[in-house]
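Single-letter residue listing:
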Amino acid sequence: MDLTLATSEADGKTIVAVGGEIDVYTAPRLRDRITELVAAGTYDLVIDMEAVEFLDSTGLGVLVGGLKKVRAHDGSLQLICSQDRLLKIFRITGLAKVFVIHDSLAAALASADAS
């Protein structure tokens, strides 16, 4: 399984829709995309993980690294994830307390307006 990345804009946020597997082989592509966006001055990211089928520790590391990058610019990195098996990974690792996780794009964009 490969990794698909699609970037779009909505309400001042940049959404990166991720599909497939985020693992040791594909995670560098996601890391590179986040790095490119931050380098271009994009600091408010929403990572849409609804089409992600697998996530390993390398993928988690990329997400944490991305969060650190945007926070260095007073930005934010929020996740969209409603899949129980992925949410369980975030809970077990304690990262559910680190990331703001929404169950839909609409919820992520609504929270952006409130903050």
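Structure: see above.
As a starting point, this report considers the structure included with it. As the structure is a prediction and not an experimental result, all values here were calculated from the model.

Attention now moves to the sheet that holds strand β2 (residues 13–22). Judged by pairing direction, the sheet is mixed, and its five strands sit side by side in the order β1-β2-β3-β4-β5 without closing on themselves. With partners counted over all chains shown, the strands left at the sheet margins are β1 (3–10) and β5 (100–102), one partner each. Recorded for the sheet is a direction-independent mean angle of 25° between the axes of neighbouring strands. Together, β1, β2, β3 (44–55) and β4 (76–80) form the strand contacts of helix α1 (residues 27–39), whose direction differs from that of β1 by roughly 25°. Sheet strands touched by helix α3 (residues 84–93): β3, β4 and β5. Its angle to β3, the strand with the most contacts, is close to 115°.

A few words on helix α2 (residues 57–71). With 15 residues, α2 should reach 21 Å at 1.5 Å per residue; the first-to-last C-alpha distance of 21 Å fits that figure. Looking at the buried positions of α2, the neighbouring elements they touch are β2, α1, β3, β4 and α3.

Attention shifts here to the pairing of β4. Within a regular beta strand, the side chains point alternately toward one face of the sheet and then the other, so they alternate between its two faces. Most of β4 sits inside the fold, with five of its five residues counted as buried. Neither face of β4 is exposed, since S76, Q78 and I80 on one face and L77 and L79 on the opposite face are all buried. As paired strands, β3 and β4 are joined by five bridges and run parallel to one another. Its bridge partner being in β4, D48 is matched across the sheet by I80. Crossover handedness for the path β3 to α2 to β4: right-handed. Where the polypeptide runs from β4 across α3 and back to β5, its parallel neighbour, the crossover connection is right-handed.

Definitions and cut-offs
- Residues numbered from 1 in each chain as written.
- Predicted model: local features only at pLDDT ≥ 70, side-chain atom pairs only at ≥ 80, totals over all residues.
- Heavy atoms only, no water.
- Pairing = 2+ DSSP bridges.
- Helix = DSSP H or I, 4+ residues; strand = E, 2+ residues; numbered from the N terminus.
- Axes fitted to C-alpha atoms, helices over the stretch in contact; angles between N-to-C directions.
- Contact = heavy atoms within 4.5 Å.
- Expected span 1.5 Å × (residues − 1).
- Buried < 20%, exposed > 50% of the residue type's maximum accessible area, 1.4 Å probe, protein only.
- Right-handed = clockwise from strand over helix to strand, strands pointing away.

All we've got here are geometric facts, nothing functional implied.
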